[in-house]
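Spelled out from the first residue to the last, the chains are:
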Amino acid sequence: MLRVKMVKLMLILITGMALPQLVSAQQQITLKDALTYALQNNTNVRKSKLDIEGGRYKVQEVRAQALPQISGNAGLTYNPIIGQLVANFGGQTQAIKLGQNWNSSAGIQLSQQLFNQQVFTGLQAARSSEEYYNLTSQLTEEQIIELVANNYYQVLVNREQLNVIDTNIKNVRVVEKIVSNQYKNGLARKIDVDRISVNITNLTTQREQTLNAITQLENQLKFSMGMPVTTDVLLPKTELTEVSKLPQFSEAIDFTNRTEVKLLNTQDKLLSLQRKAYVAEYYPSLALTGNYTYSSQSDGFDFLSSNAAAIGYGASAIGLTLKVPIFNGFLTRSKVRQADVDIKKAKEDRKESVNSLNLAYENAKIQLRNNLNTITSQRKNAELAQEIYKSTQNNYNNGLASLTDLLDTENSLTQAQNSYTQALLNYKIAEIQLIKSNGNIKSLVQ
(Lines give C-alpha, C1' and ligand atoms only; values in the text may rest on other atoms or scores of the structure.)
Protein backbone atom coordinates (compact mmCIF):
# COMPACT_ATOMS: atom_id res chain seq x y z
CA MET A 1 0.00 0.00 0.00
CA LEU A 2 2.83 2.37 0.93
CA ARG A 3 4.59 1.52 -2.34
CA VAL A 4 1.47 2.39 -4.36
CA LYS A 5 1.21 5.76 -2.61
CA MET A 6 4.89 6.47 -3.35
CA VAL A 7 4.37 5.68 -7.04
CA LYS A 8 1.34 7.99 -7.21
CA LEU A 9 3.31 10.76 -5.50
CA MET A 10 6.16 10.40 -8.00
CA LEU A 11 3.72 10.54 -10.91
CA ILE A 12 2.19 13.75 -9.52
CA LEU A 13 5.64 15.33 -9.13
CA ILE A 14 6.69 14.31 -12.65
CA THR A 15 3.43 15.67 -14.11
CA GLY A 16 3.89 18.94 -12.20
CA MET A 17 7.43 19.28 -13.52
CA ALA A 18 6.43 18.54 -17.12
CA LEU A 19 3.39 20.81 -17.20
CA PRO A 20 5.29 24.14 -17.37
CA GLN A 21 7.40 22.74 -20.22
CA LEU A 22 4.27 21.83 -22.18
CA VAL A 23 2.77 25.27 -21.59
CA SER A 24 5.95 27.07 -22.65
CA ALA A 25 6.34 24.85 -25.71
CA GLN A 26 3.21 26.35 -27.25
CA GLN A 27 2.91 30.08 -26.71
CA GLN A 28 -0.49 31.75 -26.71
CA ILE A 29 -0.14 34.99 -28.64
CA THR A 30 -2.73 37.74 -28.83
CA LEU A 31 -2.69 40.29 -31.66
CA LYS A 32 -1.05 42.85 -29.39
CA ASP A 33 1.62 40.30 -28.39
CA ALA A 34 2.30 39.50 -32.04
CA LEU A 35 2.64 43.17 -33.00
CA THR A 36 4.86 43.97 -30.02
CA TYR A 37 7.10 41.02 -30.82
CA ALA A 38 7.30 42.07 -34.49
CA LEU A 39 8.34 45.64 -33.63
CA GLN A 40 11.21 44.23 -31.62
CA ASN A 41 12.33 41.34 -33.81
CA ASN A 42 11.31 41.90 -37.43
CA THR A 43 14.41 42.19 -39.62
CA ASN A 44 13.18 45.21 -41.58
CA VAL A 45 12.34 47.08 -38.39
CA ARG A 46 15.74 46.32 -36.90
CA LYS A 47 17.45 47.43 -40.12
CA SER A 48 15.51 50.69 -40.09
CA LYS A 49 16.80 51.31 -36.56
CA LEU A 50 20.32 50.75 -37.85
CA ASP A 51 19.60 53.28 -40.62
CA ILE A 52 18.80 55.84 -37.91
CA GLU A 53 22.11 55.08 -36.23
CA GLY A 54 23.92 55.35 -39.57
CA GLY A 55 22.13 58.66 -40.22
CA ARG A 56 23.56 60.10 -37.00
CA TYR A 57 27.05 59.17 -38.15
CA LYS A 58 26.30 60.79 -41.52
CA VAL A 59 25.48 64.03 -39.71
CA GLN A 60 28.78 63.80 -37.85
CA GLU A 61 30.58 63.20 -41.15
CA VAL A 62 29.15 66.37 -42.72
CA ARG A 63 29.67 68.39 -39.53
CA ALA A 64 33.34 67.42 -39.59
CA GLN A 65 33.82 69.48 -42.75
CA ALA A 66 33.00 72.65 -40.80
CA LEU A 67 35.45 71.82 -37.99
CA PRO A 68 39.20 72.57 -38.06
CA GLN A 69 41.20 70.17 -40.21
CA ILE A 70 44.57 69.34 -38.68
CA SER A 71 47.21 67.10 -40.23
CA GLY A 72 50.81 66.26 -39.48
CA ASN A 73 53.68 65.30 -41.76
CA ALA A 74 57.23 64.12 -41.45
CA GLY A 75 59.95 63.24 -43.93
CA LEU A 76 63.54 61.97 -44.13
CA THR A 77 65.64 62.38 -47.29
CA TYR A 78 69.13 61.15 -48.15
CA ASN A 79 70.98 63.01 -50.91
CA PRO A 80 73.89 60.90 -52.28
CA ILE A 81 74.92 63.75 -54.58
CA ILE A 82 74.36 67.28 -53.35
CA GLY A 83 73.63 69.95 -55.87
CA GLN A 84 75.88 73.02 -56.02
CA LEU A 85 75.38 76.70 -56.70
CA VAL A 86 78.01 78.31 -58.91
CA ALA A 87 78.39 82.06 -58.23
CA ASN A 88 80.91 84.84 -58.76
CA PHE A 89 82.21 86.40 -55.56
CA GLY A 90 84.63 89.33 -56.02
CA GLY A 91 85.60 88.29 -59.51
CA GLN A 92 86.23 84.72 -58.44
CA THR A 93 83.96 81.89 -59.40
CA GLN A 94 83.04 79.59 -56.54
CA ALA A 95 80.81 76.53 -56.09
CA ILE A 96 78.66 76.25 -52.97
CA LYS A 97 76.90 73.06 -51.91
CA LEU A 98 73.16 73.42 -51.47
CA GLY A 99 72.27 71.47 -48.35
CA GLN A 100 73.53 68.36 -46.61
CA ASN A 101 73.40 64.64 -47.28
CA TRP A 102 70.58 64.06 -44.77
CA ASN A 103 67.49 66.25 -44.60
CA SER A 104 64.60 65.67 -42.18
CA SER A 105 61.44 67.60 -41.39
CA ALA A 106 58.25 67.40 -39.34
CA GLY A 107 55.32 69.76 -39.32
CA ILE A 108 51.67 70.39 -38.69
CA GLN A 109 49.03 72.04 -40.88
CA LEU A 110 45.73 73.65 -39.94
CA SER A 111 42.78 74.58 -42.14
CA GLN A 112 39.50 76.13 -41.00
CA GLN A 113 36.56 76.99 -43.26
CA LEU A 114 35.48 80.58 -42.59
CA PHE A 115 32.89 80.77 -45.36
CA ASN A 116 31.78 77.87 -47.52
CA GLN A 117 28.11 77.85 -48.44
CA GLN A 118 28.26 74.26 -49.68
CA VAL A 119 29.45 73.02 -46.27
CA PHE A 120 26.84 75.02 -44.38
CA THR A 121 24.05 73.79 -46.67
CA GLY A 122 25.35 70.25 -46.22
CA LEU A 123 24.92 70.61 -42.45
CA GLN A 124 21.26 71.55 -42.92
CA ALA A 125 20.76 68.61 -45.28
CA ALA A 126 22.41 66.23 -42.82
CA ARG A 127 19.99 67.23 -40.07
CA SER A 128 17.05 66.74 -42.46
CA SER A 129 18.49 63.34 -43.44
CA GLU A 130 18.41 62.29 -39.80
CA GLU A 131 14.71 63.25 -39.69
CA TYR A 132 14.18 61.30 -42.93
CA TYR A 133 15.66 58.11 -41.45
CA ASN A 134 13.47 58.47 -38.35
CA LEU A 135 10.35 58.79 -40.50
CA THR A 136 11.42 55.89 -42.71
CA SER A 137 11.80 53.73 -39.61
CA GLN A 138 8.36 54.79 -38.40
CA LEU A 139 6.83 53.96 -41.79
CA THR A 140 8.51 50.53 -41.73
CA GLU A 141 6.98 49.84 -38.32
CA GLU A 142 3.52 50.80 -39.57
CA GLN A 143 3.88 48.54 -42.61
CA ILE A 144 4.97 45.62 -40.41
CA ILE A 145 2.00 46.21 -38.08
CA GLU A 146 -0.36 46.08 -41.05
CA LEU A 147 1.30 42.94 -42.45
CA VAL A 148 1.33 41.05 -39.14
CA ALA A 149 -2.27 42.00 -38.32
CA ASN A 150 -3.48 40.78 -41.72
CA ASN A 151 -1.55 37.51 -41.36
CA TYR A 152 -2.88 37.07 -37.82
CA TYR A 153 -6.53 37.33 -38.85
CA GLN A 154 -5.99 35.03 -41.82
CA VAL A 155 -4.78 32.32 -39.44
CA LEU A 156 -7.82 32.81 -37.21
CA VAL A 157 -10.25 32.60 -40.13
CA ASN A 158 -8.68 29.42 -41.45
CA ARG A 159 -8.86 27.90 -37.98
CA GLU A 160 -12.57 28.76 -37.90
CA GLN A 161 -12.98 27.08 -41.28
CA LEU A 162 -11.22 24.01 -39.86
CA ASN A 163 -13.75 23.95 -37.02
CA VAL A 164 -16.56 24.07 -39.58
CA ILE A 165 -15.05 21.12 -41.44
CA ASP A 166 -14.64 19.13 -38.22
CA THR A 167 -18.26 19.77 -37.30
CA ASN A 168 -19.40 18.70 -40.76
CA ILE A 169 -17.33 15.52 -40.59
CA LYS A 170 -18.94 14.74 -37.24
CA ASN A 171 -22.42 15.30 -38.67
CA VAL A 172 -21.75 13.23 -41.77
CA ARG A 173 -20.38 10.36 -39.71
CA VAL A 174 -23.66 10.33 -37.78
CA VAL A 175 -25.49 10.07 -41.09
CA GLU A 176 -23.04 7.39 -42.24
CA LYS A 177 -23.87 5.29 -39.22
CA ILE A 178 -27.61 5.66 -39.86
CA VAL A 179 -27.32 4.82 -43.56
CA SER A 180 -25.07 1.84 -42.84
CA ASN A 181 -27.63 0.44 -40.42
CA GLN A 182 -30.38 1.06 -42.92
CA TYR A 183 -28.38 -0.69 -45.61
CA LYS A 184 -27.86 -3.71 -43.36
CA ASN A 185 -31.60 -3.85 -42.77
CA GLY A 186 -32.36 -3.48 -46.45
CA LEU A 187 -33.80 0.02 -46.07
CA ALA A 188 -31.04 1.85 -47.99
CA ARG A 189 -29.15 1.30 -51.21
CA LYS A 190 -25.47 0.59 -51.64
CA ILE A 191 -25.11 3.80 -53.65
CA ASP A 192 -26.29 5.76 -50.61
CA VAL A 193 -23.51 4.27 -48.50
CA ASP A 194 -20.99 5.04 -51.25
CA ARG A 195 -22.15 8.63 -51.54
CA ILE A 196 -21.67 9.15 -47.81
CA SER A 197 -18.23 7.54 -48.02
CA VAL A 198 -17.25 9.85 -50.89
CA ASN A 199 -18.51 12.85 -48.95
CA ILE A 200 -16.45 11.88 -45.89
CA THR A 201 -13.37 11.36 -48.06
CA ASN A 202 -13.82 14.78 -49.63
CA LEU A 203 -14.24 16.42 -46.23
CA THR A 204 -11.19 14.61 -44.88
CA THR A 205 -9.13 15.76 -47.86
CA GLN A 206 -10.43 19.29 -47.41
CA ARG A 207 -9.48 19.11 -43.75
CA GLU A 208 -5.90 18.10 -44.61
CA GLN A 209 -5.65 20.92 -47.12
CA THR A 210 -6.95 23.40 -44.55
CA LEU A 211 -4.47 22.11 -41.96
CA ASN A 212 -1.62 22.58 -44.41
CA ALA A 213 -2.88 26.06 -45.25
CA ILE A 214 -3.02 26.93 -41.54
CA THR A 215 0.54 25.71 -41.07
CA GLN A 216 1.72 27.82 -44.00
CA LEU A 217 -0.15 30.88 -42.74
CA GLU A 218 1.23 30.41 -39.23
CA ASN A 219 4.74 30.14 -40.67
CA GLN A 220 4.12 33.31 -42.67
CA LEU A 221 2.86 35.03 -39.53
CA LYS A 222 5.91 33.98 -37.51
CA PHE A 223 8.22 35.01 -40.35
CA SER A 224 6.65 38.47 -40.55
CA MET A 225 7.02 38.75 -36.76
CA GLY A 226 10.69 37.81 -36.90
CA MET A 227 9.98 34.67 -34.86
CA PRO A 228 11.63 31.32 -35.65
CA VAL A 229 9.16 29.35 -37.78
CA THR A 230 9.79 26.24 -35.67
CA THR A 231 8.18 27.92 -32.64
CA ASP A 232 4.72 26.60 -31.76
CA VAL A 233 2.10 29.31 -31.28
CA LEU A 234 -1.54 29.32 -30.20
CA LEU A 235 -3.94 32.07 -31.22
CA PRO A 236 -6.95 32.69 -28.93
CA LYS A 237 -10.33 32.49 -30.64
CA THR A 238 -11.57 35.62 -28.87
CA GLU A 239 -9.49 37.76 -31.24
CA LEU A 240 -11.97 37.15 -34.09
CA THR A 241 -14.98 38.79 -32.51
CA GLU A 242 -18.38 39.38 -34.06
CA VAL A 243 -19.13 42.77 -35.57
CA SER A 244 -22.43 44.55 -35.04
CA LYS A 245 -21.85 48.21 -35.94
CA LEU A 246 -19.56 50.41 -38.01
CA PRO A 247 -16.88 52.68 -36.51
CA GLN A 248 -17.23 56.45 -36.64
CA PHE A 249 -16.40 57.87 -40.07
CA SER A 250 -15.11 61.35 -40.86
CA GLU A 251 -16.32 63.20 -43.92
CA ALA A 252 -12.83 64.48 -44.60
CA ILE A 253 -9.57 63.32 -43.13
CA ASP A 254 -6.43 65.28 -42.33
CA PHE A 255 -3.40 63.49 -43.70
CA THR A 256 -0.84 65.70 -41.98
CA ASN A 257 -0.36 63.01 -39.31
CA ARG A 258 0.30 60.31 -41.89
CA THR A 259 3.91 59.21 -41.91
CA GLU A 260 3.87 59.08 -45.71
CA VAL A 261 3.04 62.81 -45.88
CA LYS A 262 5.67 63.69 -43.29
CA LEU A 263 8.15 61.72 -45.35
CA LEU A 264 7.17 63.67 -48.47
CA ASN A 265 7.69 66.93 -46.58
CA THR A 266 11.17 65.85 -45.57
CA GLN A 267 11.97 64.77 -49.12
CA ASP A 268 10.88 68.19 -50.41
CA LYS A 269 13.16 69.82 -47.86
CA LEU A 270 16.09 67.63 -48.90
CA LEU A 271 15.54 68.37 -52.59
CA SER A 272 15.41 72.10 -51.85
CA LEU A 273 18.65 71.89 -49.88
CA GLN A 274 20.24 69.88 -52.68
CA ARG A 275 19.41 72.67 -55.12
CA LYS A 276 20.74 75.22 -52.64
CA ALA A 277 23.99 73.25 -52.40
CA TYR A 278 24.37 73.34 -56.20
CA VAL A 279 23.73 77.09 -56.28
CA ALA A 280 26.36 77.47 -53.55
CA GLU A 281 28.98 76.34 -56.07
CA TYR A 282 28.71 79.86 -57.54
CA TYR A 283 29.78 81.38 -54.23
CA PRO A 284 33.40 82.02 -53.24
CA SER A 285 34.90 80.20 -50.28
CA LEU A 286 37.29 81.51 -47.64
CA ALA A 287 39.49 79.40 -45.41
CA LEU A 288 42.08 80.12 -42.75
CA THR A 289 45.33 78.17 -43.15
CA GLY A 290 48.37 77.79 -40.95
CA ASN A 291 51.40 75.56 -40.73
CA TYR A 292 54.56 75.03 -38.77
CA THR A 293 57.51 72.94 -39.94
CA TYR A 294 60.78 72.07 -38.21
CA SER A 295 63.65 70.97 -40.48
CA SER A 296 67.10 69.57 -39.84
CA GLN A 297 70.15 69.02 -42.11
CA SER A 298 73.29 67.02 -41.42
CA ASP A 299 76.16 65.35 -43.28
CA GLY A 300 75.44 62.11 -41.35
CA PHE A 301 72.33 60.12 -40.58
CA ASP A 302 70.05 62.45 -38.69
CA PHE A 303 66.42 63.00 -37.88
CA LEU A 304 65.47 66.34 -36.39
CA SER A 305 68.90 67.28 -34.99
CA SER A 306 69.73 63.98 -33.36
CA ASN A 307 73.47 64.66 -33.56
CA ALA A 308 75.58 67.71 -32.66
CA ALA A 309 76.62 68.47 -36.25
CA ALA A 310 73.04 68.85 -37.43
CA ILE A 311 71.54 72.23 -38.16
CA GLY A 312 67.87 72.62 -37.25
CA TYR A 313 65.45 75.43 -37.86
CA GLY A 314 61.72 76.08 -37.80
CA ALA A 315 59.32 77.86 -40.15
CA SER A 316 55.67 78.81 -39.92
CA ALA A 317 53.03 80.61 -41.94
CA ILE A 318 49.46 81.85 -41.45
CA GLY A 319 47.22 82.89 -44.31
CA LEU A 320 43.81 83.15 -45.90
CA THR A 321 42.78 81.15 -48.96
CA LEU A 322 40.09 82.63 -51.14
CA LYS A 323 38.63 80.59 -54.00
CA VAL A 324 36.40 82.33 -56.53
CA PRO A 325 34.66 80.16 -59.15
CA ILE A 326 34.75 81.82 -62.56
CA PHE A 327 33.73 79.31 -65.23
CA ASN A 328 33.28 75.53 -65.11
CA GLY A 329 31.69 74.89 -68.47
CA PHE A 330 28.09 75.43 -67.20
CA LEU A 331 28.45 72.38 -64.93
CA THR A 332 26.79 74.12 -61.98
CA ARG A 333 23.96 75.44 -64.12
CA SER A 334 23.20 71.90 -65.34
CA LYS A 335 23.13 70.61 -61.75
CA VAL A 336 20.71 73.35 -60.68
CA ARG A 337 18.38 72.63 -63.59
CA GLN A 338 18.41 68.91 -62.79
CA ALA A 339 17.49 69.79 -59.20
CA ASP A 340 14.59 71.90 -60.50
CA VAL A 341 13.31 68.89 -62.46
CA ASP A 342 13.55 66.68 -59.35
CA ILE A 343 11.54 69.23 -57.36
CA LYS A 344 8.82 69.31 -60.03
CA LYS A 345 8.68 65.50 -60.07
CA ALA A 346 8.37 65.50 -56.28
CA LYS A 347 5.35 67.81 -56.53
CA GLU A 348 3.69 65.37 -58.93
CA ASP A 349 4.49 62.47 -56.58
CA ARG A 350 2.88 64.40 -53.72
CA LYS A 351 -0.35 64.89 -55.68
CA GLU A 352 -0.49 61.20 -56.53
CA SER A 353 0.35 60.11 -52.97
CA VAL A 354 -2.29 62.31 -51.35
CA ASN A 355 -4.84 61.13 -53.90
CA SER A 356 -3.83 57.54 -53.17
CA LEU A 357 -4.31 58.09 -49.42
CA ASN A 358 -7.78 59.52 -50.08
CA LEU A 359 -8.56 56.54 -52.29
CA ALA A 360 -7.49 54.09 -49.59
CA TYR A 361 -9.63 55.87 -46.99
CA GLU A 362 -12.74 56.00 -49.16
CA ASN A 363 -12.31 52.38 -50.22
CA ALA A 364 -11.89 51.32 -46.61
CA LYS A 365 -15.20 52.99 -45.68
CA ILE A 366 -16.98 51.33 -48.60
CA GLN A 367 -15.49 47.92 -47.77
CA LEU A 368 -16.47 48.23 -44.12
CA ARG A 369 -20.07 49.04 -45.02
CA ASN A 370 -20.24 46.21 -47.55
CA ASN A 371 -18.57 43.72 -45.24
CA LEU A 372 -20.83 44.62 -42.32
CA ASN A 373 -23.88 44.00 -44.53
CA THR A 374 -22.31 40.74 -45.67
CA ILE A 375 -21.59 39.70 -42.09
CA THR A 376 -25.15 40.43 -41.04
CA SER A 377 -26.69 38.56 -43.95
CA GLN A 378 -24.25 35.63 -43.76
CA ARG A 379 -24.79 35.30 -40.01
CA LYS A 380 -28.54 35.01 -40.59
CA ASN A 381 -27.91 32.75 -43.55
CA ALA A 382 -25.70 30.44 -41.47
CA GLU A 383 -28.31 30.29 -38.70
CA LEU A 384 -31.03 29.53 -41.23
CA ALA A 385 -28.86 26.90 -42.94
CA GLN A 386 -28.29 25.29 -39.53
CA GLU A 387 -32.03 25.12 -38.88
CA ILE A 388 -32.68 23.72 -42.36
CA TYR A 389 -29.98 21.09 -41.88
CA LYS A 390 -31.43 19.98 -38.53
CA SER A 391 -34.92 19.85 -39.99
CA THR A 392 -33.77 17.93 -43.07
CA GLN A 393 -31.78 15.54 -40.90
CA ASN A 394 -34.84 14.90 -38.76
CA ASN A 395 -36.99 14.38 -41.86
CA TYR A 396 -34.40 12.00 -43.28
CA ASN A 397 -34.39 9.98 -40.07
CA ASN A 398 -38.17 9.74 -40.35
CA GLY A 399 -38.05 8.85 -44.02
CA LEU A 400 -39.50 12.18 -45.16
CA ALA A 401 -36.37 13.50 -46.96
CA SER A 402 -33.92 11.92 -49.36
CA LEU A 403 -30.20 11.54 -48.84
CA THR A 404 -29.63 14.01 -51.66
CA ASP A 405 -31.62 16.63 -49.78
CA LEU A 406 -29.59 15.98 -46.64
CA LEU A 407 -26.23 16.24 -48.42
CA ASP A 408 -27.32 19.40 -50.24
CA THR A 409 -28.34 21.10 -47.01
CA GLU A 410 -25.04 20.00 -45.43
CA ASN A 411 -23.11 21.61 -48.30
CA SER A 412 -25.21 24.77 -48.03
CA LEU A 413 -24.47 24.94 -44.30
CA THR A 414 -20.75 24.61 -44.93
CA GLN A 415 -20.78 27.35 -47.55
CA ALA A 416 -22.78 29.68 -45.33
CA GLN A 417 -20.46 29.18 -42.36
CA ASN A 418 -17.33 29.68 -44.49
CA SER A 419 -18.83 32.79 -46.10
CA TYR A 420 -19.50 34.22 -42.65
CA THR A 421 -15.93 33.70 -41.44
CA GLN A 422 -14.55 35.08 -44.73
CA ALA A 423 -16.73 38.17 -44.30
CA LEU A 424 -15.26 38.63 -40.82
CA LEU A 425 -11.75 38.48 -42.30
CA ASN A 426 -12.60 41.00 -45.00
CA TYR A 427 -14.05 43.33 -42.38
CA LYS A 428 -10.97 43.08 -40.17
CA ILE A 429 -8.64 43.82 -43.10
CA ALA A 430 -10.76 46.82 -44.11
CA GLU A 431 -10.79 47.97 -40.50
CA ILE A 432 -6.99 47.88 -40.44
CA GLN A 433 -6.94 49.98 -43.62
CA LEU A 434 -9.28 52.53 -42.03
CA ILE A 435 -7.15 52.77 -38.89
CA LYS A 436 -4.08 53.18 -41.07
CA SER A 437 -5.81 55.92 -43.10
CA ASN A 438 -6.43 57.84 -39.88
CA GLY A 439 -2.74 57.61 -39.03
CA ASN A 440 -3.50 55.50 -35.93
CA ILE A 441 -2.14 52.12 -37.01
CA LYS A 442 0.05 51.96 -33.91
CA SER A 443 -3.06 52.03 -31.73
CA LEU A 444 -3.27 48.27 -32.43
CA VAL A 445 -0.19 47.81 -30.27
CA GLN A 446 -1.50 49.89 -27.36
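Residues numbered from 1 in each chain as written. Predicted model: local features only at pLDDT ≥ 70, side-chain atom pairs only at ≥ 80, totals over all residues. Heavy atoms only, no water.

Novice: How should I be thinking about the overall build of the protein in this particular structure?
Specialist: Secondary structure summary: the protein contains eight helices and eight strands in total. C-alpha atoms of the protein, sized along the principal axes, occupy 150 × 75 × 40 Å. Out of the 446 residues in the protein, the part that is buried amounts to 33%. Sequence-distant contacts in the protein: of pairs separated by 6 or more residues, those separated by 24 or more amount to 82%. For the protein, the exposed surface amounts to about 27100 Å²; the carbon and sulfur share of it is 54%. Each charge class in the protein was averaged separately, 46 positive and 38 negative side chains, and the resulting centres sit 3 Å apart. (Helix = DSSP H or I, 4+ residues; strand = E, 2+ residues; numbered from the N terminus. Buried < 20%, exposed > 50% of the residue type's maximum accessible area, 1.4 Å probe, protein only. Contact = heavy atoms within 4.5 Å. Areas by Shrake-Rupley, 256 points an atom, 1.4 Å probe, with all protein chains shown as cover. Lys, Arg positive; Asp, Glu negative; His and termini not counted. Charge placed at Lys NZ, Arg CZ, Asp CG, Glu CD.)

Novice: I'm lost on the environment of Ala430 in this one. Help?
Specialist: On the secondary structure map, Ala430 appears in helix H8 (residues 403-437). Remark: the alpha-carbon pair of Ala430 and Asn150, spanning 280 residues in sequence, is separated by 9.8 Å. Discounting chain neighbours no more than four positions away, the residues touching Ala430 are Ala364, Gln367, Leu368 and Asn371.

Novice: So what exactly am I meant to see when it comes to a nonpolar patch on the surface here?
Specialist: There is a patch of nonpolar side chains on the surface, built from Leu114, Phe115, Phe120, Tyr282, Tyr283, Leu288, Ile318 and Leu320 and spanning about 800 Å² of accessible area. Among the secondary structure elements, those contributing two or more residues to the nonpolar patch are strand E5 (102-115) and strand E8 (311-323). With respect to the helices and strands, Ile318 occurs in strand E8. (Patch = residues over 30% accessible without salt bridge, like charges linked within 9 Å, V, L, I, M, F, W, Y side chains within 5 Å. Salt bridge = Lys/Arg side-chain N within 4 Å of Asp/Glu carboxyl O.)

Novice: What exactly am I supposed to notice about the pattern of salt bridges here?
Specialist: Should their charged atoms come close, side chains of opposite charge can pair. In this structure the tally under the stated criterion is 17 salt bridges. Of the charged contacts, one joins Lys269 and Glu131 as a salt bridge, the two residues approaching to 3.6 Å between their closest N and O atoms. One end of the pair, Lys269, is in helix H6 (residues 259-279); the other, Glu131, is in helix H4 (residues 117-184), with 138 residues separating them in the sequence. Look at Lys269 and you get partly exposed, because its relative accessible area is 40%. We classify Glu131 as partly exposed; its relative accessible area is 35%. Of the charged contacts, one joins Glu141 and Lys442 as a salt bridge, the two residues approaching to 2.5 Å between their closest N and O atoms.

Novice: What is the right way to read the environment of Leu270 from this model?
Specialist: Looking at where Leu270 falls in the secondary structure, it is placed in helix H6. Separated by 73 residues in sequence, Leu270 and Ile343 place their C-alpha atoms 9.7 Å apart. Ignoring anything within four residues of it in the chain, the contact list for Leu270 reads Ala125, Ser128, Ser129 and Tyr132.

Novice: What exactly am I supposed to notice about the layout of surface pockets here?
Specialist: Gaps left between atoms are located by rolling a probe of water-molecule size over the structure's atoms. Estimated volume of the largest pocket: approximately 280 Å³. Glu160, Glu242, Tyr420, Thr421 and Leu424 are, among the twelve residues lining the largest pocket, the residues nearest its centre. Counting residues per element, the ones that place at least two in the lining of the largest pocket are H4, helix H7 (331-397) and H8. Counting residues per element, the lining of the largest pocket draws most heavily on H8, at five residues. Residue composition of the lining of the largest pocket, grouped by class: six nonpolar, three polar and three charged. (1 Å grid on protein atoms, 1.4 Å probe; cavity = no way out; pocket = protein on both sides within 12 Å on 5 of 7 lines; lining within 4 Å. Points joined across faces, edges and corners; volume = space filled by probe spheres on them. Nonpolar A, V, L, I, M, F, W, Y, C, P; charged D, E, K, R; others polar.)

Novice: Before we go on, may I ask you to explain the sheet that holds E8 in this structure?
Specialist: The strands making up a sheet associate through backbone hydrogen bonding, with each pair oriented either parallel or antiparallel. Pairing is antiparallel in the open sheet, where four strands are placed in the order E2-E5-E7-E8. Both outer strands of the open sheet, strand E2 (69-78) and E8, are each paired with one neighbouring strand and no more. For this sheet the average axis-to-axis angle between neighbouring strands, irrespective of direction, equals 15°. (Pairing = 2+ DSSP bridges. Axes fitted to C-alpha atoms, helices over the stretch in contact; angles between N-to-C directions.)

Novice: Explain the packing of aromatic side chains to me, please; I cannot follow it from the model alone.
Specialist: Aromatic ring pairs are reported here in terms of the distance separating the ring centres and the angle at which the planes meet. Counted according to the given criterion, the structure contains five aromatic pairs. Centroid distance Phe115 to Phe120: 6.4 Å. Interplanar angle 75°. Geometry classified as edge-to-face. Look at Phe120 and you get partly exposed, because its relative accessible area is 30%. Look at Tyr152 and Tyr153: their rings are 6.1 Å apart centre to centre, the planes differ by 85°, and that puts the pair in the edge-to-face class. On the basis of relative accessibility, which here comes to 0%, the residue Tyr152 falls in the buried class. In this structure, Arg333 is placed above the aromatic ring of Phe330, and the distance from its NZ or CZ to the ring centre is 4.3 Å. (Phe/Tyr/Trp six-rings, centres within 6.5 Å; stacked < 30°, edge-to-face > 60°. Lys NZ or Arg CZ within 6 Å of the ring centre and 35° of its normal.)

Novice: Even after reading the chapter, I still don't get helix H2 (residues 31-41), so can you show me in this structure?
Specialist: Helical geometry note: an α-helix holds 3.6 residues per turn, so side chains three or four residues apart project in the same direction. Where H2 is concerned, the buried positions are Leu31, Ala34, Leu35 and Ala38. All buried residues of H2 fall inside an arc of 95° around its axis, so they share one side. At its buried positions, H2 is contacted by helix H3 (43-64), H4 and helix H5 (190-225). (Arc of directions from axis to C-beta.)

Novice: What's the story with the confidence of the model for the protein in this structure? I'm lost.
Specialist: Close reading of the predicted structure is inappropriate where its pLDDT is low. Averaged over the protein, the pLDDT score is 85; the fraction of residues at 70 or greater is 91%. Per-residue pLDDT, averaged within each element of the protein, yields its smallest value for helix H1 (residues 2-25) (39) and its largest for H2 (93). For residues 1-25, every residue scores under 50 in pLDDT, and the model assigns this stretch one contact once sequence neighbours within four places are set aside. (pLDDT = per-residue confidence, 0-100.)

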